Amino acid sequence: VYQDWRVNKRVAEATDEGMLVTPLFPANEPSIIFGEGGTGKSVITLWLAGLVSEGFGFDWVSAKKKNVLYLDYETSEAEFKRRGDKLSYWIHCC
């Protein structure tokens with residue numbers, strides 16, 4: 001188990017059995033994130049997908065480990081990779 005002040009990489013125990021991501025998303029229910037363009041929806045969603053795919057918690061949120069299917073019909077592959085790299089850098093360095 002690797003732990004530091006930035007990320008708790010231990011497999012998260014969601015506090016509510018009915019939640020996929022505590023306290024945001026219920027298990028076994030579709031969820032939609034929507035809002036104005038440029039408000040960070042894709043970055044937040046990519047971060048949440050990472051939490052679920054690894055099954056760990058960060059600060060105030062914890063996720064059950066599950067497979068993730070991330071669909072985004074607006075973002076190019078290059079932009080998706082750039083955002084993912086940037087997100088990974090900030091999670092692991094700061």
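Since we're looking at a predicted model, the values are computed, not measured. (Residues numbered from 1 in each chain as written. Predicted model: local features only at pLDDT ≥ 70, side-chain atom pairs only at ≥ 80, totals over all residues. Heavy atoms only, no water.)

Caption draft 1: Molecular detail of the overall build of the protein chain. Helix and strand content of the protein chain: 2 helices and 5 strands. Written out in order from the N terminus, the α and β elements of the protein chain read β-β-β-α-β-β-α. Counting all 94 residues of the protein chain, 26% fall into the buried class. In the protein chain, 58% of the contacts between residues at least 6 apart in sequence involve partners at least 24 apart. Summed over all atoms, the accessible surface of the protein chain reaches about 7,000 Å², with 57% contributed by carbon and sulfur. (Helix = DSSP H or I, 4+ residues; strand = E, 2+ residues; numbered from the N terminus. Buried < 20%, exposed > 50% of the residue type's maximum accessible area, 1.4 Å probe, protein only. Contact = heavy atoms within 4.5 Å. Areas by Shrake-Rupley, 256 points an atom, 1.4 Å probe, with all protein chains shown as cover.)

Caption draft 2: Seen up close, the pattern of salt bridges. Tallied over the entire structure, the rule returns 3 salt bridges. E79 is the salt-bridge partner of R83, the closest N and O atoms lying 2.9 Å from each other. Here R83 pairs with E79, and both are found in helix α2 (residues 77–93), just 4 residues apart, close to one helical turn. Under the relative-accessibility criterion, R83 is labelled partly exposed at 24%. Residue K81 pairs with D85 through a salt bridge whose shortest N-O separation is 2.8 Å. Here K81 and its partner D85 are both found in helix α2, 4 residues apart, which amounts to about one turn of the helix. (Salt bridge = Lys/Arg side-chain N within 4 Å of Asp/Glu carboxyl O.)

Caption draft 3: Molecular detail of the nonpolar core. V21, F25, L46, W47, L48, L51, V52, F56, V61, A63, L87 and I91 together form the largest nonpolar core, which totals 12 residues. Looking at this core, the elements with two or more residues in it are α1 (41–54) and α2. In terms of residue count, the dominant contributor to this core is α1 (5 residues). Other than its neighbours up to four places away in sequence, L48 contacts V21, L24, F25 and I33. (Core = buried A, V, L, I, M, F, W, Y, C linked by side-chain atoms within 4.5 Å.)

Caption draft 4: Up close: the sheet that holds strand β2 (residues 19–22). Read across the open sheet, the 3 strands follow the order β3-β2-β5; overall the sheet is antiparallel. The open sheet terminates on both sides in strands that have one partner only, identified here as β3 (25–26) and β5 (62–63). Here β2 pairs with β5 via 2 bridges, running antiparallel. From the neighbouring strand, V21 faces β5, where its bridge partner is A63. (Pairing = 2+ DSSP bridges.)

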